[in-house]
Amino acid sequence: MTDASSNTPRLTTSIIEPDPRTRRRNASERRFRAYGLAAIGTGIAALIFLVISIVSNGYTAFLQTYITIPVELSEQRLDPQGNRDPEEMARVTTFGYAPVLAMALQSHLIEQGIPMDGVNPRDLMAMISQEAPAQVRNLVLANPEIVGQTLDMEMLASGRIDGYFKGRVTLESAERDSNVSPAQLALAAAMAEAGLMDTRFNWAFITGPDASGQRPEAAGLGVAILGSLYMMIVVLALALPIGVAASIYLEEFAPKNRFTDIIEVNISNLAAVPSIVFGILGLAIFINFAGLPQSAPIVGGLVLTLMTLPTIIIATRASLRAVPPSIRDAALGLGASKMQSVFHHVLPLAMPGILTGTIIGLAQALGETAPLLLIGMVAFVREFPDAPPEGLFDPTSALPVQVFSWTQRADPAFVERASGATIVLLVFLVSMNLLAVMLRRRFERRW
Amino acid sequence: MPLIWIIAIVLALGAVGYMLGRQRAMASAGGDIRRLHSLPVYYGTNVFLFSVVPALLVLCVWLMVQPSVIQSRVTEMIPESAATSAGELSLIMTDVRRVADGLDRAVGQGALTADEANNLRAEETNIRESLGAIGVALGSDVTPEVLSAAQRYRSLSSAGNLAMASAIIALSALGFAYAYLRTTRDFRARNTVEKAIMAILILASSIAVLTTVGIVLSMILETADFFELYDWRQFFFGTEWIPSFEGGSELGLLPLLWGTLYITIVALVVSVPVGLFAAIYLAEYAGPKTRSIAKPLIEVLAGIPTIVYGLFALITVGPMLRDYFAEPMGFGTSSSSVMTAGLVMGIMLIPFVSSLSDDIINAVPQSLRDGSYGLGATHSETIRQVILPAALPGIVGAILLAASRAIGETMIVVMGAGAAARLSLNPFEAMTTVTVKIVGQLTGDTDFSSPEALVAFALGLTLFVLTLGLNVLALYIVRKYREQYE
């Protein structure tokens, strides 16, 4: 025995001095661990990069450049008949208002001694948003008595001028841009110096309606937010009761047979169906077959309800299962019927979990875009919908769809708008998820 | 009578029924609750349910059936010479509805009296102009046929609405009376109410089945229409995708399928290693503190809506890949590409892979680890040679689920992958997917009798079958190969 091993050198191992093989194995251990860390780092870095990219592109959408000048609302142009009758005055279109604003701006610049080198009156007008005449016209038609007065008016600056103050448009890029000239930018800078132009928080971005492709500066999210809200109301009103009823049946009453098996398999499969397929369903059944109107929140709400149901059912069943059987047994032992034990005892105890699941389901539905594209939500909608229930049938947009339709427009200012809308969407989602977490923390109960 | 009023009346009847039913029960027991079979609440609820539920169910059915009945009755009035095809007929019917709506509005605004609206003659008045004056724009002049059809439409629908209102309210009252008269001391109200609630519960749970049936039926019917207009062999084996709404389109599935698979592969190449290593680290190495921070952060990625990823691809990742990789290396100048969409989708899928794998790795029993350590294996050797093989079926299942997500994903590819259908290997080139084309063919005004629109349903069915197949396969693998531990 001892002879056999005496020929070969004895393998010496020491804890202090590891042999090469151990060192190799330890190195590979460290490498493996580093891969894991790197993977987590990659995931978190991607998240941070995404958030930074969206926020840095989008925060400027909440700021807007306004021009404030005194405007003389000349009677001769705005009310040629002179009788202050809004119906007669409505004949003056926005084209009639544009020169009034242009002249006001020009004369005020001269008065203030701001030089207009290389900016002809046409270019000057182009610095004011095309939306401004319409705004002034609405103001005048609503208050006919202000015609003839000189009022300080606050008007949107055009998208390119606004971009200059936000750093999107520079003197170099203006050289190559047919929509704006360096001279206009120089004038804008001078006007800002004189206090005629300033950039501040833009409530209209959150409350105002969408605007056409030529006036990104006036585009707002009001209709989209309202549309999303309406859809969430529909989803909540349908998905919560149906989901809870279905879960109660499946968890508490369902016998084990073919029918309930089919339902169970169905629910888990529905959760994995691509969202766009629900859009096809909505188009084929709700719009083409049932004849509901396109772009209506009711259709969007129905489609999103079907999508959210599996989420709510899965969450509800989990929280019903978490209620210990002793509660049911105690209720039954005191003479309650099975139905009473469920509705009076199990369901209230499961409620926090159900609500949490519902909020998470709603948050998912709020961010969903693809099915809404198919039911016509991409349409350009400027009118606010009526109050529910009639408003549920009016055309609207939705927050995520508004993001998409803004990315499809040519003007680069819409990139900023789309990112800003995404920020709004993310703020809603984060607050809903925080609410869910808080509910869970507050009411969570360990049995 | 507006719908909302009918519903309100039915609900009011129900509420009154609740009160009266309860009262009657109490009265029949002489005010002594112990002599009743059920609690008083159940007697009230019983009357409420009988007056409300049947009425509302019939209302739903009526609302669904009435428009199609009216439609078919009015369609008979349109002479065959005016509408030679189904498409033309539907256009005419749209006109009829608009004229009818316009007349309704004119009557509502007082521009016309009800009699005038019914006796208008297209030969005598210019309907288009008079409706235009009250804000109803019509595309073309109104022909006498359309006008008379519209008048018929109006009279039918107002008659229908009246019949509906009276039928529903009568039904509600009938249910009320029936339940009310049955309310006596010995009536088993609780059992009746519980049976009704049970029926509602069963109905709610079958909605999931109904949805699936709806999905499958709507797609199969339209797909069948499509294959009548377009050869199925050309659809499944065609290598060209050139839709043109004038006809003569090439609608081959292969380029779309290739784009879909290519992007899915890129997404999996990104997400599987990252997700898997993240899961291994979180499950095996990370302490509770790291885990409680890193796991939710990674899972936030799953909660971000896909439109946000799409925007990220469009404004950040796409231009970056183009400027730093594609253009310097001469691969192309497009910012939307397979790489863009795949990379962003890969980021989206990281949490899917990681949280599923995390659960599966955690489910491997500790005894296996202890045995491996006892034999002298290092931590990473244990993971590679013991834990991963034991968790493999679950991990494969997780990857298949992620792949099915990637195939069905829409917004990222719509905004990141481009719209050009081509069969190419260059990952920096714009390609398109099945989902992009579904959106493309169905968005906007589409004529649902043309193969160019109907192809979207065939694409949708393909997508549905593909993702369902992957899911079923994933579940099968997980179930079949799962190691059973005690």
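### As for the overall build of chain B
And step 1. Summing up its helical and strand segments, chain B has 17 helices and two strands in all.
And step 2. Dimensions of chain B, computed from C-alpha atoms along their principal axes, come out at roughly 90 × 75 × 40 Å.
And step 3. The buried share among the 486 residues of chain B stands at 45%.
And step 4. Long-range pairs, those at least 24 residues apart, make up 73% of the contacts in chain B with a sequence separation of at least 6.
And step 5. Accessible area for chain B stands at about 23,200 Å²; split by element, carbon and sulfur atoms hold 64% of it.
And step 6. Here chain B contributes 30 positive and 38 negative side-chain charges, whose respective centroids are spaced 17 Å apart.

### Observations concerning the overall build of chain A
And step 1. Looking only at helices and strands, chain A features 20 helices and three strands.
And step 2. The C-alpha atoms of chain A give a radius of gyration of 32 Å, which is well past the 22 Å a tight globule of 447 residues would have.
And step 3. Here the C-alpha coordinates of chain A stretch approximately 115 × 80 × 40 Å along the principal axes.
And step 4. Across the 447 residues that make up chain A, the buried fraction comes to 50%.

### Comments concerning the packing of helix 17 (residues 338-367) of chain A against helix 7 (residues 189-229) of chain B
And step 1. Contact geometry of helix 17 of chain A with helix 7 of chain B gives a least axis separation of 10 Å together with a crossing angle of 65 degrees. With respect to their mutual orientation, helix 17 of chain A and helix 7 of chain B come out roughly perpendicular. As for how helix 17 of chain A packs across helix 7 of chain B, the hand of that crossing is left-handed. In contact with A:Met339, A:Gln340 and A:Phe343 of helix 17 of chain A, helix 7 of chain B contributes B:Arg190, B:Glu194, B:Ile197 and B:Met198.
And step 2. Of the residues belonging to the contact of helix 17 of chain A with helix 7 of chain B, the class tally is four nonpolar, one polar and two charged.

### A few points about the interface of chain B and chain A
And step 1. Taken together, the contacts link 76 residues of chain B with 71 residues of chain A.
And step 2. Summing the contributions of chain B and of chain A, the shared interface buries around 6,300 Å²; its carbon and sulfur component is 79%.
And step 3. Among the residues of chain B in contact with chain A, B:Leu201, B:Phe277 and B:Tyr281 are the three that bury the most area, contributing 9% of the side total.
And step 4. Among the salt bridges present, the one from B:Glu381 reaches A:Arg25, with a minimum N-O distance of 2.8 Å.
And step 5. Our enumeration of links across chain B and chain A arrives at 11 residue pairs in polar contact (both at pLDDT 80 or more).

### Describing the environment of B:Arg188
And step 1. Turning to its location among the elements, B:Arg188 is positioned in the loop between helix 6 (144-182) and helix 7.
And step 2. Spatially, the C-alpha atoms of B:Arg188 and B:Leu257 are 61 Å apart, while their sequence positions differ by 69 residues.

### Quick word on the sheet that holds strand 3 (residues 197-201) of chain A
Residue and element names in this part refer to chain A.
And step 1. What the three strands build is an open sheet, ordered 2-1-3; its pairing is antiparallel. A single partner strand is all that each edge strand has here, and the edge strands are strand 2 (150-156) and strand 3. Ignoring which end each strand starts from, the neighbouring axes of this sheet average 35 degrees apart.
And step 2. Of the pairings in the sheet, the one linking strand 1 (residues 63-72) to strand 3 comprises five bridges and is antiparallel in character.

### Focus: the packing of aromatic side chains
And step 1. The final tally for this structure, using the stated rule, is 21 aromatic pairs over all chains.
And step 2. Judged by centre distance (5.1 Å) and plane angle (70 degrees), the ring pair of A:Phe201 and A:Trp203 falls under edge-to-face.
And step 3. The class for A:Phe201 is partly exposed, based on a relative accessible area of 41%.
And step 4. Residue class for A:Trp203 comes out exposed when judged on its relative accessible area of 57%.
And step 5. In this structure, A:Arg409 is placed above the aromatic ring of A:Phe414, and the distance from its NZ or CZ to the ring centre is 5.0 Å.
And step 6. It is B:Arg24 that lies over the ring of B:Tyr180; its NZ or CZ is 4.9 Å from the centre.

### Here we look at a nonpolar patch on the surface
And step 1. On the surface, a nonpolar cluster with roughly 620 Å² of combined accessible area is contributed by A:Phe49, B:Met320, B:Tyr324, B:Phe325, B:Met329 and B:Phe331.
And step 2. Of the residues forming the nonpolar patch, the biggest block, three residues, is contributed by helix 11 (residues 306-326) of chain B.
And step 3. On the secondary structure map, B:Met320 appears in helix 11.

### Here we look at the nonpolar core
And step 1. Among the nonpolar cores identified, the biggest contains 158 residues, and A:Leu221, A:Phe278, B:Ile215, B:Tyr309, B:Ile438 and B:Leu459 are the most heavily contacted of them.
And step 2. If you tally residues by element for this core, the top one is helix 12 (residues 222-253) of chain A, at 17 residues.
And step 3. With residues near it in sequence (within four places) discarded, A:Phe278 still touches A:Leu270, A:Val273, A:Val303, A:Leu306, A:Met307, A:Pro371, B:Thr211 and B:Ile215.

### Focus: the domain arrangement of chain A
All names here are of chain A.
And step 1. According to the domain assignment, chain A consists of domain 1 (61-202) and domain 2 (222-443).
And step 2. Once you take the C-alpha centre of each, domain 1 and domain 2 turn out to be 45 Å apart.
And step 3. The interface formed by domain 1 and domain 2 holds four salt bridges in total.
And step 4. Close ionic contact of Arg-168 with Glu-416 constitutes a salt bridge, the shortest N to O distance being 2.5 Å.
And step 5. Our count for the domain 1 to domain 2 interface comes out at four residue pairs in polar contact (both at pLDDT 80 or more).
And step 6. Of the residues that constitute the side of domain 1 that touches domain 2, the class distribution is two nonpolar, two polar and four charged.

### Points about the pattern of salt bridges
And step 1. A full pass over the atoms with the stated rule returns 27 salt bridges over all chains.
And step 2. With its nearest N and O atoms 3.1 Å apart, the salt bridge here joins A:Lys256 to A:Asp261.
And step 3. Residue A:Lys256 is classed as exposed on the basis of its relative accessible area of 73%.
And step 4. Residues B:Asp32 and B:Arg34 are paired through a salt bridge, measuring 3.4 Å at the closest nitrogen-oxygen approach.
And step 5. By sharing partners, the salt bridges in this structure join A:Asp162, A:Lys166, A:Arg168, A:Glu416 and A:Arg417 into a single network.

### Details of the pairing of strand 1 of chain A
And step 1. Here strand 1 of chain A runs beside strand 2 of chain A; their pairing, made up of seven bridges, is antiparallel. Bridge pairing links A:Tyr66 to A:Leu156 in strand 2 of chain A.

### Considering helix 15 (residues 297-321) of chain A
And step 1. Between its first and last C-alpha atoms helix 15 of chain A spans 34 Å; for 25 residues at 1.5 Å apiece the expected length is 36 Å, and the two agree.
And step 2. Within helix 15 of chain A, 20 of the 25 residues are buried, which leaves the element mostly enclosed by the surrounding structure.

### What about the packing of helix 15 of chain A against helix 17 of chain A?
Residues and elements named next belong to chain A.
And step 1. The interhelical angle for the contact between helix 15 and helix 17, taken along N-to-C directions, is 150 degrees, at an axis separation of 8 Å. As for how helix 15 packs across helix 17, the hand of that crossing is right-handed. Listed contacts from helix 17 to Leu-304, Thr-308, Thr-311, Ile-312, Ala-315, Thr-316, Ser-319 and Leu-320 of helix 15 are Val-346, Leu-347, Ala-350, Gly-353, Ile-354, Gly-357, Thr-358, Gly-361, Leu-362, Gln-364 and Ala-365.
And step 2. Per-class residue counts for the contact of helix 15 with helix 17 are 10 nonpolar, nine polar and no charged.

So, how was this worked out
Residues numbered from 1 in each chain as written. Chains lettered and ligands numbered in written order. Predicted model: local features only at pLDDT ≥ 70, side-chain atom pairs only at ≥ 80, totals over all residues. Heavy atoms only, no water. Helix = DSSP H or I, 4+ residues; strand = E, 2+ residues; numbered from the N terminus. Buried < 20%, exposed > 50% of the residue type's maximum accessible area, 1.4 Å probe, protein only. Contact = heavy atoms within 4.5 Å. Areas by Shrake-Rupley, 256 points an atom, 1.4 Å probe, with all protein chains shown as cover. Lys, Arg positive; Asp, Glu negative; His and termini not counted. Charge placed at Lys NZ, Arg CZ, Asp CG, Glu CD. Rg over C-alpha atoms; globule rule 2.2 N^0.38 Å. Axes fitted to C-alpha atoms, helices over the stretch in contact; angles between N-to-C directions. Parallel < 35°, antiparallel > 145°, perpendicular 65-115°, else oblique. Left-handed = near helix turned anticlockwise from the far one by under 90°. Nonpolar A, V, L, I, M, F, W, Y, C, P; charged D, E, K, R; others polar. Buried area = accessible area lost by both parts, 1.4 Å probe. Salt bridge = Lys/Arg side-chain N within 4 Å of Asp/Glu carboxyl O. Polar contact = N/O pair within 3.5 Å; in protein donor to acceptor, adjacent residues only side chain to side chain. Pairing = 2+ DSSP bridges. Phe/Tyr/Trp six-rings, centres within 6.5 Å; stacked < 30°, edge-to-face > 60°. Lys NZ or Arg CZ within 6 Å of the ring centre and 35° of its normal. Patch = residues over 30% accessible without salt bridge, like charges linked within 9 Å, V, L, I, M, F, W, Y side chains within 5 Å. Core = buried A, V, L, I, M, F, W, Y, C linked by side-chain atoms within 4.5 Å. Domains from an automatic or database assignment. Expected span 1.5 Å × (residues − 1).

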